[in-house]
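The primary structure of each chain is shown beneath.
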Amino acid sequence: MPTKRVEVIHTKELINHAFKELLLEKEFDRITVMDISSKAQINRATFYLHSKDKQELYTNYMEYFFYHVDIILHNIMSPTYVNKGLDEKCIINVLLFLL
């Protein structure tokens, strides 16, 4: 049986995945908490256990995104960075995943 922590992480992943998909389908202003909840297959009350509103969800997602972009760019700029040709594909895949 999954622990409460695992369930919380899973629910957050569902919410974030649903939000990313909705951002590809329509503009942020047209996305509702109900849209996110429905796509994540959770109820609205569960959404509000994890985020105050869709703006907070967006802010947290962007912080997560730019944190990882910063790590990637920092690694690329490192004087000890090697395999640039091979890793460029990996970096592109990571960025696409984050989007």
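Residues numbered from 1 in each chain as written. Predicted model: local features only at pLDDT ≥ 70, side-chain atom pairs only at ≥ 80, totals over all residues. Heavy atoms only, no water.

**Q** Outline the packing of aromatic side chains, listing residues and values.
**A** Under the counting rule described, the total for this entry stands at 5 aromatic pairs. Centroid distance F19 to F28: 6.3 Å. Interplanar angle 85°. Geometry classified as edge-to-face. Here F19 and F28 have matching classes, each one buried. Judged by centre distance (5.3 Å) and plane angle (90°), the ring pair of F47 and Y48 falls under edge-to-face. (Phe/Tyr/Trp six-rings, centres within 6.5 Å; stacked < 30°, edge-to-face > 60°. Buried < 20%, exposed > 50% of the residue type's maximum accessible area, 1.4 Å probe, protein only.)

**Q** Could you give an account of the side chain of S37, with specific residues and numbers?
**A** Its location among the elements puts S37 in helix α2 (residues 33-40). Apart from the residues within four sequence positions on either side, S37 is in contact with I42, N43, R44 and F47. (Helix = DSSP H or I, 4+ residues; strand = E, 2+ residues; numbered from the N terminus. Contact = heavy atoms within 4.5 Å.)

**Q** Explain unusual backbone geometry to me, and be specific about the residues and the numbers.
**A** The phi angle at Q41 is positive, at roughly 60°, despite the residue not being glycine. Relative to the helices and strands, Q41 is located in the loop between α2 and α3 (44-50). Residue classification places Q41 among the exposed positions, given a relative accessible area of 73%.

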